[in-house]
Amino acid sequence: MAKLFLKEYQLENSVDTLTKWMLSYIAEQIAIAENSTGDIKDSAQKECYETILKLWERRHNYPHGVNPIYNYEQIFR
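Rules of the game
Residues numbered from 1 in each chain as written. Predicted model: local features only at pLDDT ≥ 70, side-chain atom pairs only at ≥ 80, totals over all residues. Heavy atoms only, no water. Salt bridge = Lys/Arg side-chain N within 4 Å of Asp/Glu carboxyl O. Helix = DSSP H or I, 4+ residues; strand = E, 2+ residues; numbered from the N terminus. Core = buried A, V, L, I, M, F, W, Y, C linked by side-chain atoms within 4.5 Å. Buried < 20%, exposed > 50% of the residue type's maximum accessible area, 1.4 Å probe, protein only. Expected span 1.5 Å × (residues − 1). Arc of directions from axis to C-beta. Contact = heavy atoms within 4.5 Å. Axes fitted to C-alpha atoms, helices over the stretch in contact; angles between N-to-C directions. Parallel < 35°, antiparallel > 145°, perpendicular 65-115°, else oblique. Left-handed = near helix turned anticlockwise from the far one by under 90°. Nonpolar A, V, L, I, M, F, W, Y, C, P; charged D, E, K, R; others polar.

*Asks:* So what's going on with the pattern of salt bridges? Residues and values would help.
*Replies:* As enumerated under the stated definition, the model contains one salt bridge in all. One salt bridge connects glutamate 50 with lysine 46, and the closest N-O pair in it is separated by 3.9 Å. Of this pair, glutamate 50 and lysine 46 both sit in helix H3 (residues 38-57), separated by four residues, roughly a single helical turn.

So this is what it looks like as structure tokens:
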């Protein structure tokens, strides 16, 4: 799943190591959540959520078209 994320965010050849690591970490936590139950599943889901929020804070660093609200930013202004 990490490779899919990197492709989707057009980061395969990027030097943005932090974002690439965060996407890989999210993919790892998703795999743990999908294959676990109880506290382990809950913990992995919480880690995904918190990391996704941190990644979203960096969304302005992504190429145009990757930011899902990019086309609507002028409307919001």
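Now that the structure has been shown, we can carry on.
*Asks:* Outline the nonpolar core, supporting the account with residue identities and numerical values.
*Replies:* In this structure, Phe5, Leu6, Leu11, Met22, Leu23, Ile26, Ala27 and Leu55 together form the largest nonpolar core, which totals eight residues. When residues of this core are traced back to their parent elements, those giving at least two are helix H1 (2-8) and helix H2 (17-34). Here this core gets four residues from one element, more than from any other, and that element is H2.

*Asks:* Go over H2 with me, naming the residues and quoting the values.
*Replies:* Taking 1.5 Å of rise per residue, the 18 residues of H2 would be expected to cover 26 Å, and the 26 Å separating its terminal C-alpha atoms lies within 8% of that figure. Residues Thr19, Met22, Leu23, Tyr25, Ile26, Ala27, Gln29 and Ala33 constitute the buried set of H2.

*Asks:* Explain H3 to me, using residue names and the numbers behind them.
*Replies:* The first and last C-alpha atoms of H3 sit 29 Å apart over 20 residues, in line with the 28 Å expected at 1.5 Å per residue. Within H3, burial applies to Ala44, Cys48, Thr51 and Leu55. One face of H3 carries all of its buried residues, which in axial projection span an arc of 80°. For H3, the exposed residues lying more than 90 degrees away from the buried face are Asp39, Lys46, Tyr49 and Glu57. On its buried face, H3 sits against H2.

*Asks:* Quick rundown of the packing of H2 against H3? Include the residues and the values.
*Replies:* Where H2 contacts H3, the two axes come as close as 8 Å, and the packing angle between them is 155°. Here H3 runs roughly antiparallel to H2, going by the angle between their axes. Here the hand of the crossing between H2 and H3 comes out left-handed. Listed contacts from H3 to Thr19, Met22, Leu23, Tyr25, Ile26, Gln29, Ile30, Ile32 and Ala33 of H2 are Ile40, Lys41, Ala44, Gln45, Glu47, Cys48, Thr51, Ile52, Lys54 and Leu55. Among the residues making up the contact of H2 with H3, the classes are represented as twelve nonpolar, four polar and three charged.

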